[in-house]
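Understanding the architecture of this molecule
Next come the chains, spelled out residue by residue.
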Amino acid sequence: MVGAVAVSNGLGFALGVAAPQGRGEGLASHSASQLVSVRRKESGKLAVVSSGRRGVVRADALPSSQEVAESVPGATAVTLEEVATDSAKPNSPSNGPIAPKKSRNGDIREEARRQCAGSEPTTFSAKYVPFAPGVETDEEYSLDEVIYRSKTGALLDVKHDMEALKKAGDGAYWRKLFDSRVGKTTWPYGSGVWSKKEWVLPEIDDDDIVSVFEGNSNLFWAERFGKEVMDMTDLWVKHCGISHTGSFKDLGMTVLVSQVNRLRRLGKPLLGVGCASTGDTSAALSAYCAAAGIPAIVFLPANKISIAQLVQPIANGALVLSMDTDFDGCMRLIREVTSELPIYLANSLNSLRLEGQKTAAIEILQQFDWEVPDWVIVPGGNLGNIYAFYKGFYMCKELGLVDRMPRLVCAQAANANPLYRAYKDGWDTFKPVKALPTFASAIQIGDPVSIDRAIYALTQCDGIVEEATEQEIMDICAQADKSGMFTCPHTGVAMVALQKLRERGVIGSNDRTVVVSTAHGLKFTQSKVEYHSSELPDITSKFANPPISVADDFGSIMEVLRQKLSLR
Ligand SMILES: Cc1ncc(COP(=O)(O)O)c(C=O)c1O
Ligand SMILES: N[C@@H](CCOP(=O)(O)O)C(=O)O
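Computed from a prediction, not measured in an experiment: that's the story for all the values here. (Residues numbered from 1 in each chain as written. Chains lettered and ligands numbered in written order. Predicted model: local features only at pLDDT ≥ 70, side-chain atom pairs only at ≥ 80, totals over all residues.)

This brings us to the overall build of the protein chain. Summing up its helical and strand segments, the protein chain has 20 helices and 19 strands in all. Residues classed as buried in the protein chain amount to 48% of the 568 residues present. In the protein chain, 69% of the contacts between residues at least 6 apart in sequence involve partners at least 24 apart. (Helix = DSSP H or I, 4+ residues; strand = E, 2+ residues; numbered from the N terminus. Buried ≥ 20, exposed ≤ 12 C-beta atoms within 10 Å, placed from the backbone. Contact = placed C-beta atoms within 7 Å.)

Turning our eyes to something else, we now look at the environment of Leu-251. Looking at the secondary structure, you find Leu-251 in helix H8 (residues 249-265). Distance in space between the C-alpha atoms of Leu-251 and Ala-442 is 17 Å, their sequence separation being 191 residues. Residues within four places of Leu-251 in sequence aside, it is in contact with Val-193, Glu-214, Gly-215, Gly-356, Gln-357, Thr-359 and Ala-360.

Okay, the site of ligand 2 next. Not every one of the 13 residues close to ligand 2 is listed here, only the nearest: Ser-277, Asp-280, Thr-281, Ser-348 and Asn-382. Top contributing element to the shell around ligand 2 by residue count: helix H9 (residues 280-292), with 3 residues. (Near = placed C-beta within 6 Å.)

The sites that carry the UniProt feature "domain: Tryptophan synthase beta chain-like PALP" (unreviewed entry) are, in the present numbering, residues 211-518. Each end of residues 211-518 is marked by a C-alpha atom, and these two atoms are 19 Å apart; helix forms 44% of the span and strand 16%. (UniProt positions renumbered as here; feature names shortened; annotations may be inferred.)

Read from one edge to the other, the open sheet built from 4 strands follows the order S14-S13-S12-S15, with strand pairing classed as parallel. Strands with a single pairing partner mark the edges of an open sheet, and in this sheet they are strand S14 (319-323) and strand S15 (343-345). In this sheet, adjacent strand axes meet at a mean angle of 25° when their direction is disregarded. Across the sheet, helix H11 (residues 327-340) lies against strand S12 (272-276), strand S13 (296-301), S14 and S15, angled at about 155° from S12, the strand it touches most. (Pairing = 2+ DSSP bridges. Axes fitted to C-alpha atoms, helices over the stretch in contact; angles between N-to-C directions.)

Next up on the list: helix H20 (residues 554-564). Among the 11 residues that make up H20, 0 are buried, leaving the element largely open to the surroundings. Two residues or fewer past H20, Ser-566 is found with a positive phi of approximately 50°.

Attention now moves to the packing of helix H13 (residues 359-367) against helix H14 (residues 384-398). Contact pair H13 / H14: the axes reach a minimum separation of 6 Å and the direction vectors enclose 50°. Our classification of the angle between H13 and H14 gives oblique. Read as a crossing pair, H13 and H14 show a hand that is right-handed. From H13, Thr-359, Ala-360, Ala-361, Ile-362 and Leu-365 reach across to H14, where they touch Phe-389, Gly-392, Phe-393 and Cys-396. When its residues are assigned to classes, the contact of H13 with H14 shows 7 nonpolar, 2 polar and no charged. (Parallel < 35°, antiparallel > 145°, perpendicular 65-115°, else oblique. Left-handed = near helix turned anticlockwise from the far one by under 90°. Nonpolar A, V, L, I, M, F, W, Y, C, P; charged D, E, K, R; others polar.)

In this section: the site of ligand 1. Close to ligand 1 lie 17 residues, the nearest being Gly-381, Asn-382, Asn-385, Ala-442 and Thr-518. Grouping the constituent residues of the shell around ligand 1 by class yields 6 nonpolar, 10 polar and 1 charged.

Counting 132 residues, the largest nonpolar core has Ile-377 and Ile-386 as its most contacted members. Beyond its immediate stretch of four places on either side in the chain, Ile-386 contacts Val-378, Gly-380, Leu-408, Cys-410, Ala-454, Ala-457 and Leu-458. (Core = buried A, V, L, I, M, F, W, Y, C linked by C-beta atoms within 7 Å.)

For the rest of this paragraph, the subject is the pairing of strand S18 (residues 464-468). Counting buried residues in S18 gives 5 out of 5 residues, a clear majority hidden from the surface. Across 5 bridges, the pairing between strand S17 (residues 407-413) and S18 is parallel. Looking at S18, one finds that Ala-411 is bridged to Glu-466.

To continue, consider the pairing of strand S8 (residues 126-130). Here S8 shows one buried face, formed by Ala-126, Tyr-128 and Pro-130, and one open face, formed by Lys-127 and Val-129. Two strands pair when backbone bridges link them, and S8 and strand S9 (residues 156-160) are joined in this way by 5 bridges, in the antiparallel orientation. When the bridges of S9 are listed, Val-129 appears paired with Asp-157.

Taken in spatial order, the 6 strands make up an open sheet running S10-S11-S19-S16-S17-S18, and their pairing is mixed. Edge positions in the sheet fall to strand S10 (219-221) and S18, since each has one partner strand and no second. Strand-to-strand, the axes of this sheet are offset by a mean angle of 25°, without reference to chain direction. As paired elements, strand S16 (residues 375-379) and S17 share 5 bridges and run parallel to each other. Of the residues in S17, the one forming a bridge with Pro-379 is Ala-411.

Running from N to C, helix H17 (residues 470-482) and helix H18 (residues 489-503) point in directions that differ by 95°, and their axes come no closer than 8 Å. If you check the angle between H17 and H18, you find them roughly perpendicular. Across the interface between the two elements, Glu-472, Ile-473, Ile-476, Cys-477 and Ala-480 from H17 touch Pro-489, Gly-492, Val-493, Met-495, Val-496 and Gln-499 from H18. Along the lines of polarity and charge, the residues of the contact of H17 with H18 split into 8 nonpolar, 2 polar and 1 charged.

Annotation from UniProt places "modified residue: N6-(pyridoxal phosphate)lysine" (unreviewed entry) at Lys-249. For Lys-249, the position within the fold is in helix H8. Judged by the 35 C-beta atoms lying within 10 Å of it, Lys-249 falls in the buried class. Lys-249 has contacts with Asp-280, Thr-281 and Ala-284, leaving out every residue within four places of it along the chain.

Moving on to the environment of Thr-122. For Thr-122, the location among the structural elements is in the loop between helix H3 (108-116) and S8. Sequence separation of Thr-122 and Pro-202 is 80 residues, and the distance between their C-alpha atoms is 7.2 Å. The residues touching Thr-122, leaving out its near neighbours within four places in the chain, are Pro-202 and Glu-203.

Structure representation (structure tokens):
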């Protein structure tokens with residue numbers, strides 16, 4: 001994992017990237033033979049501390065490792081590999097603070113530990129099962145296994161012990177518990193994902209959790225846009241893009257990276273975590289891995305992601321590989337590589353991700369005081385998220401928090417619409433397509449890995465699939481932005497779907513409808529700039545609002561203002 005790569009973007013920039021070297025404890029420029037760490041055999045605690053760096057000391061600042069081992073009773077010299085593995089463990093003395101002095105306001109993990117001391121171990125559990133709804137099978141796997149597919153090659157699903165969850169309490173119990181955790185900084189419940197921990201990864205130790213208190217994103221009433229553009233009274237936007245790395249991927253990534261953190265602590269020889277990406281998964285993976293000191297490797301399609309997305313993994317110290325292929329090509333390659341090397345796969349093929357993403361659905365219900373909206377519209381690419389939303393809503397219904405499900409709409413770009421085509425075919429056939437470039441570049445995906453999950457989710461809730469052309473995407477984004485939003489093109493795809501369903505009378509004027517905004521518009525400014533400058537080939541910039549160049553004198557400015565503000 002040592003080396004340098006150069007990556008470029010569609011805008012003519014080129015960025016040279018020094019890949020991370022021996023990340024974790026600042027081991028960057030030292031070889032294995034130069035470093036030793038010494039620890040006591042009996043306690044597993046570090047015995048030798050060098051100035052400023054606990055547990056990891058330069059060999060040249062010490063006697064030989066053998067001498068150290070001999071001079072410290074019960075101590076043994078260990079290799080760099082052992083140090084690296086050890087330092088990745090959150091409980092590891094070489095990783096954590098020496099001794100937390102303060103609990104409150106100082107170490108919220110320690111505070112949580114103190115509060116939990118003596119409490120009963122959880123009775124909740126979850127495991128992997130093949131994703132094969134309605135099919136009886138004994139096949140199941142522990143979440144501590146590194147496995148992504150069933151024996152027959154089917155996707156996996158995380159199955160919770162629903163009986164145990166039901167036994168714990170009724171819907172009112174869960175509603176109250178989840179509500180009680182909102183707006184706090186208690187570890188790990190300050191996260192919108194981990195505030196539902198019992199439904200996500202019930203058995204993970206709080207100490208293994210890697211979280212930046214993601215989730216709890218705002219759900220706002222799109223009043224003006226709803227009234228003026230959609231003729232609607234009850235239109236809402238769930239802004240999953242207001243998040244740590246600017247997209248909903250953080251919700252799933254906190255879960256996946258936490259589990260990797262646990263696996264490494266349990267001694268699984270995982271070199272790092274890898275993904276193929278259209279730019280958002282890579283950003284989230286890199287940030288969470290960097291927070292935990294775990295190497296991240298991202299495969300990106302060259303010139304197909306925005307510069308804001310590209311710079312995220314670079315800044316977070318990931319190993320960034322830019323490839324002359326599209327996302328589907330990157331996906332094939334990361335699957336090959338992760339089956340060859342002990343690199344954990346972080347794409348939504350990995351069902352752990354969806355456990356985090358499903359909490360956005362639970363949050364929507366919570367934010368509506370547990371009232372169920374009529375419609376939820378989600379842009380779809382690799383199609384994990386539409387299933388995650390289904391699963392979140394389904395669990396709330398199953399466990400009695402609500403009494404029905406909303407209808408789901410999955411929205412695709414017309415240039416990358418394999419699900420839409422299958423839907424139009426009455427779900428008879430599914431054929432991958434060659435995805436064409438789209439402004440909604442994060443969903444330029446022609447062979448979605450979660451196709452089976454998506455079809456299941458949509459058929460279960462009388463769902464609908466819609467598509468959006470490039471012109472429609474740019475126009476609706478401009479209109480939404482004019483009402484005070486700053487939409488990403490994927491959110492635009494969902495808004496076009498809403499517009500079409502309104503025009504056809506499928507969604508009513510007073511139906512409570514949620515559009516899921518999946519990323520922050522600031523990640524996708526280039527197409528907006530070009531739209532407002534009327535520079536996009538084949539696109540008419542109907543709602544352009546270009547800046548006006550004006551001479552820096554009072555008269556010229558007044559002239560423009562008179563004209564634009566219709567003054568006399
Ligand atoms: C911003 C954005 N919106 C929507 C999607 C679609 O999500 P999914 O792949 O889960 O369908 C993605 C990624 O694919 C994305 O990055
Ligand atoms: N939009 C995604 C595409 C990959 O989706 P994933 O959910 O399977 O990781 C991205 O940003 O990479």
